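Listed below are the residues making up each chain.
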Amino acid sequence: MTGFYGEHSKVFVSVDCIVFGFDHNKLKLLIGRRQMDPGRGEWSLYGGFVREDESLEEAANRTLYTLTGLTEIYMRQVGAFGAIDRDPGERVITVAYCALIDVNDYDEKLREEHGVEWVSLDELPHLYSDHNEMVRKAIGQLRRRINTEPLSFNLLPELFTLTQLQHVYEAILGEEIDKRNFRKRIKTIDFIEKTEHIDKLTSKRGAALYRFNKEMYLNDSTFRL
């Protein structure tokens with residue numbers, strides 16, 4: 001470290017991870033009880049401080065991997081939060097990141113190890129400091145992006161039914177969607193491929209299973225649902 005900027009005050013920089021999952025037709029958030037002071041025992045997002053030898057994105061990826069054991073997952077920066085009194089311990093500026101994962105990919109042992117739980121958004125408790133504000137901002141971004149980015153596929157298994165896909169859209173948007181119009185639009189999207197597989201577990205009649213073709217999506221610059 002150099003002696004530059006010695007006349008300026010120092011602040012801490014952290015990252016907070018807003019991890020969404022989809023389960024039982026609901027959008028859920030991964031939260032846990034805070035394990036440190038200040039705020040010990042309060043519901044909180046999972047986060048950590050940025051190390052001197054890593055970028056913000058590297059810190060967020062490290063934190064997410066520690067929490068979930070997953071790599072190459074959807075992650076986007078939500079924004080910076082720097083109110084002077086947001087942390088009663090020290091002057092801390094945090095950058096929030098939103099991640100989307102398939103709940104079934106999350107190792108139950110890791111969840112128990114970190115003491116975190118999946119909580120439905122409509123049952124979300126008060127979170128530590130400004131974490132509720134971070135969640136609200138993340139949801140707003142998802143609602144703006146879902147019609148122009150294939151966000152929903154990050155919350156679903158590799159093979160899914162159109163009903164499952166519609167439920168994800170409804171969970172994110174917070175409103176019901178007309179089934180007929182939704183399916184009519186989906187069938188015009190080339191990168192949502194119908195497979196020969198049939199879902200016999202959640203559908204009595206046996207619903208067709210679909211998959212997301214990422215390569216085809218990357219070649220489609222006109223997507224909008």
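Quantities reported herein were computed from a predicted structural model and do not represent experimental measurements. (Residues numbered from 1 in each chain as written. Predicted model: local features only at pLDDT ≥ 70, side-chain atom pairs only at ≥ 80, totals over all residues. Heavy atoms only, no water.)

With that settled, consider the overall build of the protein chain. The secondary structure content of the protein chain amounts to 6 helices and 9 strands. Dimensions of the protein chain, computed from C-alpha atoms along their principal axes, come out at roughly 65 × 35 × 30 Å. Burial status across the protein chain gives 42% buried among its 225 residues. Of the contacts formed within the protein chain by residues at least 6 apart in sequence, a portion of 66% connects residues at least 24 apart. Summing over all exposed atoms, the protein chain offers an accessible surface of approximately 13,500 Å²; the carbon and sulfur share of this is 47%. (Helix = DSSP H or I, 4+ residues; strand = E, 2+ residues; numbered from the N terminus. Buried < 20%, exposed > 50% of the residue type's maximum accessible area, 1.4 Å probe, protein only. Contact = heavy atoms within 4.5 Å. Areas by Shrake-Rupley, 256 points an atom, 1.4 Å probe, with all protein chains shown as cover.)

The topology assignment puts Asp-102 in the loop between strand 6 (92–100) and helix 2 (108–114). Buried and without a salt bridge, Asp-102 has Lys-28 as its closest oppositely charged side chain, separated by 12 Å. Residues within four places of Asp-102 in sequence aside, it is in contact with Asn-154, Leu-155, Leu-156 and Pro-157. (Lys, Arg positive; Asp, Glu negative; His and termini not counted. Salt bridge = Lys/Arg side-chain N within 4 Å of Asp/Glu carboxyl O.)

Moving on to the pattern of salt bridges. Enumeration over the complete set of coordinates arrives at 7 salt bridges. As a salt-bridge pair, Lys-26 and Asp-122 come within 3.7 Å of each other at their nearest N and O atoms. Taken together, the positions of Lys-26 in strand 2 (residues 26–33) and Asp-122 in the loop between strand 7 (116–120) and helix 3 (131–145) put the pair 96 residues apart, joining distant regions of the chain. Ionic pairing is found between Arg-86 and Asp-130, a salt bridge with its closest N-O pair at 2.8 Å. On the criterion of sequence distance, the pair formed by Arg-86 in the loop between strand 5 (74–81) and strand 6 and Asp-130 in the loop between strand 7 and helix 3 is long-range, its members being 44 residues apart.

All quantities given are derived from atomic positions and should not be read as evidence of function.
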